[in-house]
Amino acid sequence: MAEPLRSDPARGLNREQLEKLLAWLRPLQKALNLEADQGFPDVQGRQQRFHQFLQAELNRPPDLPLPPGVADRLSRLRQGYDSYTTAELSTRRRLVTDTRQWLHELRLRLEPSAPMAPPRLRHRDGSTSGSSSRAQVQRPLTLESTLVELTGVGPKLAARLATLGLLLVRDLLRYYPRDHVDYARMRRIEALVVGETATLVATVRRCNGFVSPKNPNLAILELQLQDPTGRLKVTRFLAGKRFSSTAYLKGQQRLYPVGAQVAVSGLVKDGPYGLSFQDPLIEVLDSADGTIKSDQIGRLLPVYPLTEGLAADRFRQLFTQVLPLTRLWPEPLSPAEQDRFGVIPVADALTALHAPKAREDLEQGRKRLVFDEFLLLQLGLLRRRGELRSRSAPDLLIDRQVDGLVERFLALLPFRFTAAQSRVFAEIESDLAQPEPMARLVQGDVGSGKTVVAIAGLLTTIEAGWQGALMAPTEVLAEQHYRNLCSWLPQLHVSVELLTGSTPKSKRRRLLEDLANGSLQVLVGTHALLEDPVVFSQLGLVVVDEQHRFGVHQRDRLLNKGLQPHLLTMTATPIPRTLALSLHGDLDVSQIDELPPGRTPIRTVMMTAAQREQAYALIREEVAKGQRAYVVLPLVEESEKLELRSAVDVHAELSTEIFPDLSVGLLHGRLSSAEKQEVLTAFSQGAVQVLVSTTVVEVGVDVPAASVMVIDHADRFGLAQLHQLRGRVGRGAAASHCLLINGSSNPLSRQRLDVMVRSTDGFEIAEMDLRFRGPGQVLGTRQSGLPDLALASLADDGAVLEEARTAAQQLLQSDPVLNDHPVLRGLLDEQQRRLSGGTPLN
């Protein structure tokens, strides 16, 4: 009787199932490639348009054991194509790119790995990371044993390990390799590839040892090797006087007699005499299929980040003693849950990471440990969200009147809300009417009109008899918000004040009294709003601008000032989905994905430093038309370490040499708040025509007459930051220009800046920025609340993050307080204590 076909999604599909998957994937990828090649026009096929074909195919995936979360992702992708025909080009491009990438990842996850090419090596039994008779442990070890209890670890080595934060066996097992050198890749001589690590088995044709004629303390051992496909010379360099003796060299030559079979591992390099190995590892075999004794040759070798005085080989030998203890590691998931989520046991995962037998084991081990990191992160965010929703919110009696504050405010605006703004405001209004507190993030590209939506939300709160707060990360942005509010709220008889670090004491005292007795309705401010004397009478809504610049603790200190106010956060920095899930998984997300009508596209050009004069000529041309220009630099003053032009120097150059007939202003973070405001007002009113600035203008500064943005040393900025700076122009009806002056000859810098020239889609730019620079750089500082991930990569492990979020939702749905998952609950509580520094998050 034939055995039924079986498959484990964690280990790939069998051949028949793979054919079925490919039969479904190939037409999809073909259609996606065609659509991309044609420029995303929604290609008309014989029977259907592109988007209709995609929706139909995504709706009928093959009947296969697919990983968890795949059905949800297919459904979301399918819904994305509902509005494809009316979507903007950037939205179409992003949707097609996301679909192609995700389908490719799905294939990689399900496709079984190709079998290893011959010849094959047999390793000694019982060898994980090179077990030996020396590794006899004197007393039973546990996960809590100190590393001094390991054989061969004395006080000196223990002190070096402690500098890496390694004190216990548990710490050592959680100290992950930063990479693996793949000596398990078996090759014939003709198949060696330069730059690749490989292992080959060959026959010794000749062995020669001699002392370098240029250095008497350097001995050289040359082996001429041959296999059925070719010949190769392998050289070992032996530095030290003792290696240079004739007796030692003769002894080395005897180790490799002519006709002996050897296994050689190393990095393949190209030299003047053809291919060779760099620093080769060599072992003589008993026969062509003999057993390897080495714990490195022919293996996947873990590479750890180490400190001075700690040798890699010695460090790896420690794992010989501790890897058997992985069986004691607490398992957070039941066997049934492991199967459901497509992961291997955590004990097997730790062994696979530190001593992988094959590339497939390593990938499965890494996936499990990455899954666990993301699972804890998502459980924390979802639990936090659940706690927030369990509290009672301000009781806002929302009854929009025809002559109410919101309607009167909308009538004051010189424009009508876009469809996207109306949709997001409706979502906010719906949240404010609920008994649980709102926690919503509004994302929108620069200039999409988030602020007026937030003001409408504040007015809804005030009309219900409560107070509102608007918090910004910088004084410049807080003052900009304050001025905007002052142009509307006093007309609606709503009181508004500004509180920053530079507010005079007398005004601060009066302002705090008005706030406490309820006569002040809206307070705009910076971090000063977090200070203890700031007490609200009844705080109903907190609006936080540029969310990622505030840490979780800062956000929570403001929330603690009210009952449990509604929270609305805004960001003009588009955040890739993986980052959004990691940072804001406790928030509902709204997107203003439509720019107001009348905005002209910004023309972006990359220039070399030698073309700077062309940029200045464009500035003069635009100023002659009544427009204004920014010149942005990365530094305030000249630096000895960095050969970069500074804002102070460029301001002096422009005002005296280049534009002596124009008014050139200077803006940077070292100016006082009053000085900054004076410069911005002069620029806004036209008294200053060219503004030389640092990135203090990155967010919030709104001057519609500015039509030129010159960014000097653009290679020193992140893509998301450049996109923000570009958003300072193009706010009026005039055609606008963004000139990126690239001061670097690095091809990667040019590649990054090419993304800016090619795309105006903030989300596409943010995704690329994440790949180029990593999440920490994209968001700025650790203060941003970025999760502390040991192994997971937000740039590369998006698919696993989606699976972990689905798993977290399922676990909390069936076990809300994790009573049936004590290990998981313990890990989560420990993580929360670590993140909050011992205090509750809300």
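Reading guide: rules and limits
Residues numbered from 1 in each chain as written. Predicted model: local features only at pLDDT ≥ 70, side-chain atom pairs only at ≥ 80, totals over all residues. Heavy atoms only, no water. Helix = DSSP H or I, 4+ residues; strand = E, 2+ residues; numbered from the N terminus. Buried < 20%, exposed > 50% of the residue type's maximum accessible area, 1.4 Å probe, protein only. Contact = heavy atoms within 4.5 Å. Areas by Shrake-Rupley, 256 points an atom, 1.4 Å probe, with all protein chains shown as cover. Pairing = 2+ DSSP bridges. Axes fitted to C-alpha atoms, helices over the stretch in contact; angles between N-to-C directions. Polar contact = N/O pair within 3.5 Å; in protein donor to acceptor, adjacent residues only side chain to side chain. pLDDT = per-residue confidence, 0-100. Salt bridge = Lys/Arg side-chain N within 4 Å of Asp/Glu carboxyl O. Core = buried A, V, L, I, M, F, W, Y, C linked by side-chain atoms within 4.5 Å. Phe/Tyr/Trp six-rings, centres within 6.5 Å; stacked < 30°, edge-to-face > 60°. Lys NZ or Arg CZ within 6 Å of the ring centre and 35° of its normal. Arc of directions from axis to C-beta. Parallel < 35°, antiparallel > 145°, perpendicular 65-115°, else oblique. Left-handed = near helix turned anticlockwise from the far one by under 90°. Nonpolar A, V, L, I, M, F, W, Y, C, P; charged D, E, K, R; others polar.

(A) Up close: the overall build of the chain. Of regular secondary structure, the chain possesses 27 helices and 22 strands. Considering the chain as a whole, with its 842 residues, one finds that 52% of them fall into the buried category. Residue pairs in contact within the chain that sit at least 24 positions apart in sequence constitute 73% of those at least 6 positions apart. Surface exposure of the chain reaches about 38,700 Å², of which carbon and sulfur atoms provide 50%.

(B) Up close: the sheet that holds strand β17 (residues 602-608). In spatial order, the strands read β17-β22-β21-β18-β20-β19; together these six strands make up an open sheet with parallel pairing. Bordering the open sheet on either side are β17 and β19 (664-667), each of which pairs with just one other strand. On average, each strand axis in the sheet is tilted by 20° relative to the strand beside it, whichever way the strands run. Pairing of β19 with strand β20 (residues 690-693), which is carried by four bridges, proceeds in the parallel orientation. If you follow leucine 667 over to β20, its bridge partner there is serine 693. Taken strand by strand, helix α20 (residues 647-658) contacts β18 (628-632), β19 and β20, and its axis lies near 175° from that of β19.

(C) Seen up close, the pairing of strand β11 (residues 467-471). The buried fraction of β11 amounts to five of the five residues, a majority that puts the element mostly inside the structure. Of the two faces of β11, the one holding Gln467, Ala469 and Met471 and the one holding Gly468 and Leu470 are both buried throughout. By the bridge criterion, five bridges tie β11 to strand β14 (residues 539-545) in an arrangement that is parallel. Counterpart to leucine 470 in the pairing with β14 is valine 543. Relative to strand β13 (residues 522-525), β11 runs parallel, the two sharing four bridges. The residue of β13 that forms the bridge with leucine 470 is valine 524.

(D) Structural detail: the side chain of glutamine 252. Mapped onto the secondary structure, glutamine 252 falls in helix α7 (residues 246-255). By relative accessible area, glutamine 252 is classed as buried at 11%. Apart from residues lying up to four places away in sequence, glutamine 252 is in contact with Leu221 and Arg236.

(E) Quick peek at the environment of glycine 730. Considering the arrangement of structural elements, one finds glycine 730 in the loop between α22 (719-726) and β22 (736-742). By relative accessible area, glycine 730 is classed as buried at 7%. Separated by 129 residues in sequence, glycine 730 and proline 601 place their C-alpha atoms 6.8 Å apart.

(F) Structural view of the sheet that holds strand β15 (residues 566-571). Read from one edge of the open sheet, seven strands run β12-β13-β11-β14-β15-β10-β16, paired in parallel fashion. The open sheet has two edge strands with one neighbour each: β12 (496-499) and β16 (588-592). Pairs of neighbouring strands in the sheet enclose a mean axial angle of 20°, with direction left out of account. Note that β14 and β15 share five bridges and pair parallel. In the strand pairing of β15, aspartate 545 is matched with methionine 570. Strands in contact with helix α13 (residues 419-432) are β10 (439-444), β14, β15 and β16; relative to β16, the strand with the most contacts, it is inclined by about 155°.

(G) Focus on the side chain of threonine 199. Tracing the chain through its elements places threonine 199 in strand β3 (residues 197-211). Of the residues examined, threonine 199 reaches a relative accessible area of 0% and is grouped as buried. Engagement of the side chain of threonine 199 in a polar contact is seen with the side chain of serine 265, the distance being 2.5 Å.

(H) Highlighting the confidence of the model for the chain. Per-residue pLDDT for the chain has a mean of 81; in total, 85% of the residues score no lower than 70. Averaged pLDDT values for the elements of the chain fall to 50 in helix α25 (residues 775-779) and rise to 93 in helix α10 (residues 346-354). Every residue in residues 1-11 scores below 50 in pLDDT, and together they form 17 contacts with partners more than four places removed in sequence or on other chains.

(I) Local environment of the pattern of salt bridges. Following the criterion strictly, the structure yields 18 salt bridges and no others. A salt bridge links arginine 170 to glutamate 144, with the shortest nitrogen-to-oxygen separation between them at 2.7 Å. Of this pair, arginine 170 sits in helix α6 (residues 169-173) while glutamate 144 is found in the loop between β1 (122-123) and α5 (155-163), placing the two residues 26 residues apart along the sequence. Exposure remark for arginine 170: the relative accessible area of 27% places this residue in the partly exposed category. Take glutamate 144: its relative accessible area is 45%, and that puts it in the partly exposed class. The salt bridge involving aspartate 431 is made with arginine 440; its shortest N-O contact spans 2.7 Å. Arginine 440 matches aspartate 431 in its accessibility class, with the two residues each being buried.

(J) Molecular detail of the nonpolar core. Counting residues in hydrophobic clusters, the biggest one holds 60 residues, and the most contacted among them are Leu161, Leu172, Phe315, Phe371, Phe374 and Leu375. Elements with a minimum of two residues in this core: α5, α6, α8 (312-322), α10, α11 (359-390), α18 (577-583), α26 (798-814) and α27 (822-836). Per-element tally for this core: the top contributor is α11, with 11 residues. Sequence-distant contacts of leucine 172, defined by excluding residues within four places in its chain, comprise Leu147, Leu150, Leu166, Phe315, Leu318, Phe319, Val322 and His354.

(K) Broad picture of the packing of aromatic side chains. Scanning the entire structure with this criterion turns up 13 aromatic pairs. Residues phenylalanine 243 and tyrosine 248 carry aromatic rings whose centres are separated by 5.1 Å and whose planes lie at 50° to one another, so their mutual orientation is tilted. A relative accessible area of 13% means that phenylalanine 243 is categorised as buried. Taking the relative accessible area as the measure of exposure, tyrosine 248 reaches 27% and is therefore partly exposed. Ring-pair connections join several aromatic residues into one group, and the members of that group are Tyr175, Tyr304, Phe315 and Phe319. The ring of tyrosine 84 has arginine 92 lying over it, and the distance from NZ or CZ to the ring centre is 4.9 Å. Between the NZ or CZ atom of arginine 170 and the centre of the ring of tryptophan 329, over which it lies, the distance is 5.2 Å.

(L) Region of the structure containing unusual backbone geometry. Here the phi dihedral of phenylalanine 40 falls at roughly 65°; this positive angle occurs in a residue that is not glycine. Structurally, phenylalanine 40 can be placed in the loop between α1 (15-37) and α2 (50-58).

(M) Helix α3 (residues 70-80), seen in detail. Val70, Arg73, Leu74 and Leu77 are the residues of α3 that are buried. Burial along α3 is one-sided: seen end-on, the buried residues are contained in an arc of 100°. Turned more than 90 degrees away from the buried face of α3 sit Ala71 and Gln79, all of them exposed.

(N) Structural context of the packing of α1 against α2. The geometry of α1 relative to α2 is characterised by a closest axis approach of 11 Å and an angle of 155° between their N-to-C directions. Relative to α2, α1 is oriented roughly antiparallel. You can see that α1 and α2 cross each other, and the crossing is left-handed. Taking contact as the criterion, the partners of Trp24, Pro27, Leu28, Ala31, Leu32 and Glu35 in α1 are, on α2, Phe50, Phe53, Leu54, Glu57 and Leu58. Here the contact of α1 with α2 is composed, by residue class, of nine nonpolar, no polar and two charged.

(O) Molecular detail of the environment of serine 212. Following the sequence through the fold, serine 212 ends up in the loop between β3 and β4 (218-227). Taking the C-alpha atoms as reference, serine 212 lies 9.4 Å from phenylalanine 237; in sequence the two are 25 residues apart. Dropping the residues within four chain positions of it, serine 212 is found in contact with Leu218 and Ile220.

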